[in-house]
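Geometric and topological summary
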Amino acid sequence: MLQFESKIVGKEIGFGYLRDKIADQGFTIGGNWEYYKGSFDSVLWKEAGETIYLRVPFIVTSGELDNEDAQIRFQKPFVIKHVENIGLDYDEGSLLDATGVSQFQTPLDKDGYIHDKSRWIQAGEQAVEEKVLPFFIH
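Residues numbered from 1 in each chain as written. Predicted model: local features only at pLDDT ≥ 70, side-chain atom pairs only at ≥ 80, totals over all residues. Heavy atoms only, no water.

1. Quick word on the nonpolar core
So the rule is basically this: In this text, buried Ala, Val, Leu, Ile, Met, Phe, Trp, Tyr and Cys residues form a nonpolar core when linked through side-chain atoms within 4.5 Å. Throughout this description, buried means an accessible area under 20% of the type-specific maximum (1.4 Å probe, protein chains only), exposed means over 50%, and partly exposed covers the range between. Counting from the N terminus, the helices are the DSSP runs of H or I reaching at least four residues and the strands are the DSSP runs of E reaching at least two. Contacts were defined at the residue level, with two residues in contact if any of their heavy atoms lie within 4.5 Å.
Residues I8, L18, F40, I72, F74 and F136 are the most contacted members of the largest nonpolar core, which totals 26 residues. Those elements that place two or more of their residues in this core are α1 (15–23), β5 (50–62), β6 (71–74) and α3 (117–131). Among the elements that make up this core, the one with the highest residue count is β5 (5 residues). Every residue in contact with F74, bar those within four places of it in the chain, is listed here: I8, V9, G10, K11, I13, L18, F40, V56, P57, F58 and F136.

And the structure:
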């Protein structure tokens, strides 16, 4: 995980408003959200079972995350790499995967080593600057 400084840290905005705006920019609400916190995620790169994500975490300052009018405040963004199991999964969940009950396999590494750190930090900074910050009133 590579955290980086950004002008987004500490900024507040309406959750529903921003979610709808940045969906067109390739961002989705991260799957690990709670009523009081979450993140917007975007794929920076994907190839052969490896994915580098930009994750922009936030806390809820008013309301709950399942409400459109919740207010959120951003924390330090970071870049993270997931290494996925693209082969057959031979653990106890294999039967569930084969029968379609379980749609996803567990990543082999949720925080894989990132080569060329400065490149991916720069890509994350640029994505936040160009795809998220323009929706804030200056």
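2. As for α3
To keep it simple, the criterion reads: How far a helix is expected to stretch is found by multiplying one less than its residue total by 1.5 Å. The arc under discussion is defined with respect to the helix axis, by the directions toward the C-beta atoms.
Compared with the 21 Å implied by 1.5 Å per residue over 15 residues, the 21 Å span of α3 between its first and last C-alpha is a close match. Along α3, the residues classified as buried are W120, G124, A127 and V128. Axial view of α3: buried residues confined to an arc of 95°, hence all on one face. Turned more than 90 degrees off the buried face of α3, the exposed positions are S118 and Q122. Buried residues along α3 sit against β4 (37–47), β5 and β7 (78–83).

3. Observations regarding the pairing of β7
Side chains on a regular strand alternate between the two faces of the sheet. We apply this condition: Criterion used throughout: strands pair if DSSP finds at least two bridges between them.
The buried count for β7 comes to 6 of 6 residues, which makes it a mostly enclosed element. Across the two faces of β7 the burial is the same, with F78, I80 and H82 and V79, K81 and V83 all buried. Judged from the 2 bridges that link them, strand β1 (residues 2–3) and β7 form a sheet pairing that is antiparallel. Bridging from a neighbouring strand, Q3 pairs with F78 of β7. Relative to β7, β5 runs antiparallel, the two being bridged by 6 bridges. Looking at the pairing, Y53 lines up with I80 of β7.

4. Structural notes on a nonpolar patch on the surface
Put simply, the rule reads: Residues forming no salt bridge and having over 30% relative accessible area are the ones grouped into patches, like charges within 9 Å of each other and nonpolar side chains (Val, Leu, Ile, Met, Phe, Trp, Tyr) within 5 Å. A 1.4 Å probe and the Shrake-Rupley method give the accessible areas. Residues count as covered only by the protein chains that appear here. Note on definitions: salt bridges are taken to be side-chain nitrogens of Lys or Arg within 4 Å of carboxyl oxygens of Asp or Glu.
Taken together, the side chains of I29, W33, Y35 and Y36 present a nonpolar region at the surface, about 410 Å² in accessible area. Relative to the helices and strands, I29 is located in strand β3 (residues 28–29).

5. Examining the confidence of the model for the protein
Note: predicted coordinates in regions of low pLDDT should not be interpreted at a detailed level. We apply this condition: Per-residue confidence from the prediction method is given by pLDDT, with values spanning 0 to 100.
For the protein, per-residue confidence averages 86 on the pLDDT scale, and 79% of positions sit at 70 or higher. Here helix α2 (residues 94–99) is the element of the protein with the lowest mean pLDDT, 48, and β6 is the one with the highest, 98. A low-confidence stretch, residues 98–104 (pLDDT under 50), is modelled with 4 contacts involving residues beyond four sequence positions or located in other chains.

6. Observations regarding α1
Here α1 has its buried residues at F15, G16, L18 and I22. Down the axis of α1, the buried set is contained in an arc of 165°. They therefore lie on one face. Close packing links the buried residues of α1 with β2 (12–14), β3, β4, β5, β6 and α3.

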